[in-house]
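Topology and contacts: notes
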Amino acid sequence: MEPDTTPEEHRERALLLADLGRYDEAADEIAAGLTAAPREAGLLATLARIHLAADQPAEALAAAERAAVAEPGNLAVLVVRSMALTDSRRFADAAGVAAEILTGWPDDAYAQRTGAALLSESRNGQEALNAAWNGVRIAPTDAEAHLVLAVVAARLRLFDLAQRAYGEALELDPVIGDAGRDTGIVRFERRRWARAIEDLAEEASLGVPPGADIPAPGAFASPSPPVVVPAHPVLDVSGETTDAVGETARYGSGGTIVAAVLAAAMTLINVGISRVWAGFIGVLIFGAVVFWFRGRLPEPAGVVMRRLRSGDRRLAAAVYLTFAAPLFLLGYAVVGGPAPLVAGMVAGAVAELLVLAGRRRR
């Protein structure tokens, strides 16, 4: 980075490049700024938006999570993190962040309408509708507030309300009908909600109210520039992924070994109780492993496993053994006998050894 170039200047350049559809160059501009300010929340949040606009949710989530660590109470960071979590299909986490936005800024029009839209994406309901109404109440002349109310209402199948809200948004700002075709990230939320209402439009029969003097959709649209998405992620999350996979294998396999030993010891008291307990704890361990694995990964699980199978087969085998080990506890609960318990302990021990071997090799 040039000595006289500030992180904010890099961010502004990235915004201009993104407006031209050159997301790859915009990401490179952010990367240049991060070399001198790797914990700059504004740069990281902008990078997350670039990846979201380029339909790269895994990369967006990695940037948003780092921005949240750097500046956890920042509204813009919370917004982009919720969007990245939603696009990564982590709906419960996304809903939690959206609720945090709504409770943290109850009198902020932007926070209320954006939080309402984000909550409706991940967990739609009365709370999202109330927040959307609150956004309209705070800023009744803001077209985007009415657009969000239309989106939330349509998702709740309140189509009459959705149509009225959408008509009001168009009356306040006719250009909003073409917002879904915008390029760039300056008004990324507006484009996101406009595209959402377009997806819902056929079912909801949304349109311009009869008699309203509203220009037809597309009247203000200009041809969108060709979009060039980033070819490579700016942030290297492979190390975080490897750590998450290793933790999952260690905790899951270790828990299975302990459970199998306890189940074997319980046979000295009562075999039936031992089998019931083993089946119960096996289900708990398997569910915990799945939940932990998906929650800790900064990338989609399918992407991670494909990369491990091609580049780190030891760690991939450790993951598969970790998932298989608690199933042997279920096998013991069904058929009894020492073999399933021994198999579960062996699978867990081998998974532990494979993780340990991989750590020594690195």
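Looking at an unreviewed UniProt entry, the protein carries the name Tetratricopeptide repeat protein, with the source organism given as Actinoplanes hulinensis.

Now for the side chain of Thr322. The topology assignment puts Thr322 in helix H15 (residues 313-335). Exposure remark for Thr322: the relative accessible area of 2% places this residue in the buried category. Within polar-contact distance, the side chain of Thr322 engages the backbone oxygen of Ala318 at 2.7 Å. If we ignore the near neighbours within four places in the chain, the residues touching Thr322 are Thr248, Ala249, Gly252, Ser253, Val289 and Ala351.

Turning our eyes to something else, we now look at the nonpolar core. Residues Ile50, Ile101 and Leu147 are the most contacted members of the largest nonpolar core, which totals 75 residues. Broken down by element, the residue count for this core peaks at 10 residues, all from helix H9 (residues 143-155). The contacts of Ile101, once residues within four sequence positions are left out, are Leu75, Leu78, Val79, Ala111, Gly115 and Leu118. Grouped together as the second largest cluster of nonpolar side chains are 25 residues, Ala244, Ile281, Leu308 and Leu329 included.

Positive phi is not limited to glycine here, since Asp55 has a value of about 60 degrees. In this fold, Asp55 is placed in the loop between helix H3 (41-53) and helix H4 (57-70). The backbone phi angle of Arg157 is positive, close to 65 degrees, even though this residue is not glycine. Note that Arg157 resides in the loop between H9 and helix H10 (159-172).

Relative to each other, H4 and helix H5 (residues 75-87) sit at 145 degrees, their axes nearing to 9 Å. Taken as a pair, H4 and H5 cross one another with a handedness that is left-handed. Between H4 and H5, the residues in contact are Pro57, Ala60, Leu61, Ala64, Glu65, Ala67 and Ala68 and Val77, Val80, Arg81, Ala84, Leu85 and Asp87, respectively. When the residues that make up the contact of H4 with H5 are grouped by side-chain class, the tally is 10 nonpolar, no polar and 3 charged.

With that out of the way, let us pick up H15. Its 23 residues place the ends of H15 32 Å apart at the C-alpha level, agreeing with the 33 Å of an ideal helix rising 1.5 Å per residue. Restricting attention to buried positions, one finds in H15 the residues Leu315, Ala316, Ala318, Val319, Thr322, Phe323, Ala325, Pro326, Leu329 and Tyr332. Backbone geometry just downstream of H15 places Gly336 in the positive-phi region, at approximately 75 degrees.

Right, let's talk about the UniProt feature "transmembrane region" (unreviewed entry) in the protein for a bit. Under the UniProt annotation, "transmembrane region" (unreviewed entry) lies at residues 276-294, 315-335 and 341-358. Within residues 276-294, the helical portion is 100% and the strand portion 0%, while the C-alpha atoms at the span's ends are 28 Å from each other. Between the C-alpha atoms that bound residues 315-335 there is a distance of 30 Å. The span itself is 100% helix and 0% strand.

For the α-helix, the turn length of 3.6 residues means that residues three or four positions removed from each other point alike. The end-to-end C-alpha distance of H3, which contains 13 residues, comes to 18 Å, matching closely the 18 Å that a straight helix rising 1.5 Å per residue would cover. Among the 13 residues of H3, 12 are classified as buried, and the element is accordingly described as predominantly covered. For H3, the complete set of buried residues consists of Ala41, Leu43, Leu44, Ala45, Thr46, Leu47, Ala48, Arg49, Ile50, His51, Leu52 and Ala53. Looking at the residues trailing H3, positive phi occurs at Asp55, about 60 degrees.

This part is about the packing of helix H6 (residues 91-104) against helix H7 (residues 109-123). Two numbers describe how H6 lies on H7: the axes approach to 8 Å, and their chain directions differ by 160 degrees. One element, H6, and the other, H7, form an angle in the roughly antiparallel class. The handedness of the crossing between H6 and H7 is left-handed. Judged by residue contacts, Phe91, Ala94, Ala95, Ala98, Ile101 and Leu102 of H6 engage Ala111, Gln112, Gly115, Ala116, Leu118, Leu119, Glu121, Ser122 and Arg123 from H7. Each residue belonging to the contact of H6 with H7 can be placed in one class, and the counts come to 10 nonpolar, 3 polar and 2 charged.

Under the criterion given, the structure shown has 3 aromatic pairs. Aromatic pair Phe286 and Phe323: ring centres 6.2 Å apart, planes at 70 degrees, arrangement edge-to-face. With Phe286 in helix H13 (residues 271-296) and Phe323 in helix H15, this residue pair connects regions lying 37 residues apart in the sequence. One aromatic cluster is present, built from ring pairs that chain together Phe286, Phe293 and Phe323.

Let us look at the environment of Arg22. Inspection of the secondary structure assignment puts Arg22 in the loop between helix H1 (7-19) and helix H2 (23-36). Look at Arg22 and you get partly exposed, because its relative accessible area is 30%.

On to the environment of Asp160, then. With respect to the secondary-structure elements, Asp160 resides in helix H10. Sequence-wise, Asp160 and Ala150 are 10 residues apart; in three dimensions their C-alpha atoms are separated by 9.4 Å.

In this section: the environment of Trp292. Mapped onto the fold, Trp292 is located in helix H13. When its relative accessible area of 34% is taken as the criterion, Trp292 is described as partly exposed. At 3.4 Å, the side chain of Trp292 and the side chain of Thr248 are in polar contact.

Cut-off values and rules
- Residues numbered from 1 in each chain as written.
- Predicted model: local features only at pLDDT ≥ 70, side-chain atom pairs only at ≥ 80, totals over all residues.
- Heavy atoms only, no water.
- Helix = DSSP H or I, 4+ residues; strand = E, 2+ residues; numbered from the N terminus.
- Buried < 20%, exposed > 50% of the residue type's maximum accessible area, 1.4 Å probe, protein only.
- Polar contact = N/O pair within 3.5 Å; in protein donor to acceptor, adjacent residues only side chain to side chain.
- Contact = heavy atoms within 4.5 Å.
- Core = buried A, V, L, I, M, F, W, Y, C linked by side-chain atoms within 4.5 Å.
- Axes fitted to C-alpha atoms, helices over the stretch in contact; angles between N-to-C directions.
- Left-handed = near helix turned anticlockwise from the far one by under 90°.
- Nonpolar A, V, L, I, M, F, W, Y, C, P; charged D, E, K, R; others polar.
- Expected span 1.5 Å × (residues − 1).
- UniProt positions renumbered as here; feature names shortened; annotations may be inferred.
- Parallel < 35°, antiparallel > 145°, perpendicular 65-115°, else oblique.
- Phe/Tyr/Trp six-rings, centres within 6.5 Å; stacked < 30°, edge-to-face > 60°.

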